[in-house]
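Architecture and fold: a report
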Amino acid sequence: MAKLTLNRAKELLQKHVSEAHLFTHALAVSAAMGAMAAHFGEDVEHWQAIGYLHDVDFEKFPEEHCLHVRELLDGEGVEEDDIVAILSHGYGLCTNEVEPTTPLMKSLFTVDELTGIVMAAALMRPTGISDMEVKSLKKKFKDKGFAAKCDRAVIQQGCEMLGMPLDEVMAIVIAGMQTQTEALGIGPKA
Ligand SMILES: [Fe+2]
């Protein structure tokens, strides 16, 4: 068995997901994970692939998210480590099965929520994500009414697990998502 590739992750997500917003979220998390991998000097494509596939069971099992990851990926040639990494993003949220213990897991746990705030903030700005600064993103982060579904406590907990300040993680996530500006639809408004 080989490490999950981004192409394989895309094929697998396509099998189980149809809603456009879930593909957008997959891409945002994938881009953010790639930037986190680069930060840690790890395998960028592998982290992107895990990010892309992490919500594979969400559309089919919204009420039992994470609990069906294993059955959907069984027999698909996905390594156990990769399945476990995906399971860990729901730690304390939808499953306590796997605690995030590696930089990859901790990153996934953190950027899953953080990319939601970045997307919402970018969509509101005339210039999109192109010149987004950490300072303005932090204002949105502190405004609890903004993108209220994105759980700030989870993001803070994730940064603590990573041992990284929120500002640093934000800068990495912005830079990662900027690489997918067009596909994410968060460029400057015409
Ligand atoms: Fe997610």
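Cut-offs and rules
- Residues numbered from 1 in each chain as written.
- Predicted model: local features only at pLDDT ≥ 70, side-chain atom pairs only at ≥ 80, totals over all residues.
- Heavy atoms only, no water.
- Helix = DSSP H or I, 4+ residues; strand = E, 2+ residues; numbered from the N terminus.
- Rg over C-alpha atoms; globule rule 2.2 N^0.38 Å.
- Buried < 20%, exposed > 50% of the residue type's maximum accessible area, 1.4 Å probe, protein only.
- Contact = heavy atoms within 4.5 Å.
- Lys, Arg positive; Asp, Glu negative; His and termini not counted.
- Charge placed at Lys NZ, Arg CZ, Asp CG, Glu CD.
- Phe/Tyr/Trp six-rings, centres within 6.5 Å; stacked < 30°, edge-to-face > 60°.
- Lys NZ or Arg CZ within 6 Å of the ring centre and 35° of its normal.
- Donors = N, O, S within 2.8 Å, 3.2 Å for Na, K, Ca; no water.
- Tetrahedral: all angles 85-135°; square planar, octahedral: opposite > 155°, others 65-115°.
- Core = buried A, V, L, I, M, F, W, Y, C linked by side-chain atoms within 4.5 Å.
- Patch = residues over 30% accessible without salt bridge, like charges linked within 9 Å, V, L, I, M, F, W, Y side chains within 5 Å.
- Areas by Shrake-Rupley, 256 points an atom, 1.4 Å probe, with all protein chains shown as cover.
- Salt bridge = Lys/Arg side-chain N within 4 Å of Asp/Glu carboxyl O.

**Section: the overall build of the protein chain**
Per the secondary structure count, the protein chain includes 10 helices and zero strands. Mapped in sequence order, the helices and strands of the protein chain form the string α-α-α-α-α-α-α-α-α-α. Whereas a compact globule of 190 residues would reach a radius of gyration of roughly 16 Å, the protein chain reaches 16 Å, a difference of no more than 12%. Expressed as a percentage of the 190 residues in the protein chain, the buried residues total 50%. If you take every contact in the protein chain between residues at least 6 apart in sequence, the share linking residues at least 24 apart comes to 65%. Within the protein chain, one finds 17 positive and 29 negative side-chain charges whose respective centroids are separated by 10 Å.

**Remarks on the packing of aromatic side chains**
In the structure shown here, the tally under the stated rule is one aromatic pair. Centroid distance F40 to W47: 5.9 Å. Interplanar angle 35°. Geometry classified as tilted. Sitting over the ring of F146, K140 keeps its end group 4.9 Å from the ring centre. The positively charged end of R152 is found above the aromatic ring belonging to F141, 5.8 Å away from the centroid.

**Concerning the coordination of the iron ion**
Four donors placed tetrahedrally around a metal ideally meet at 109.5 degrees, and six donors placed octahedrally ideally meet at 90 or 180 degrees. Summarising the metal site, the iron ion is bound by the protein donors H25 (NE2), H54 (NE2), D55 (OD) and D112 (OD), whose distances to it range over 2.1 to 2.3 Å. The site at the iron ion holds four donor atoms, and with the angles between them running 82 to 170°, its shape is irregular. Along the chain, the residues that donate to the iron ion are spaced as H-x28-H-D-x56-D. Residue H54 is classed as buried on the basis of its relative accessible area of 0%.

**Description of the nonpolar core**
The biggest cluster of nonpolar side chains holds 62 residues, and the ones touching the most others in it are L53, L73, V118 and M177. In terms of residue count, helix α2 (residues 20-40) provides more of this core than any other element does, 11 residues in total. The residues contacting M177, other than those within four sequence positions of it, are A28, A31, T115, V118, M119, I129, L184 and I186.

**Side note on a negative patch on the surface**
Side chains of E63, E64, E71 and D74 sit close together on the surface and give a patch of like negative charge. For D74, the location among the structural elements is in the loop between α4 (69-73) and α5 (80-88). Under the relative-accessibility criterion, D74 is labelled exposed at 56%.

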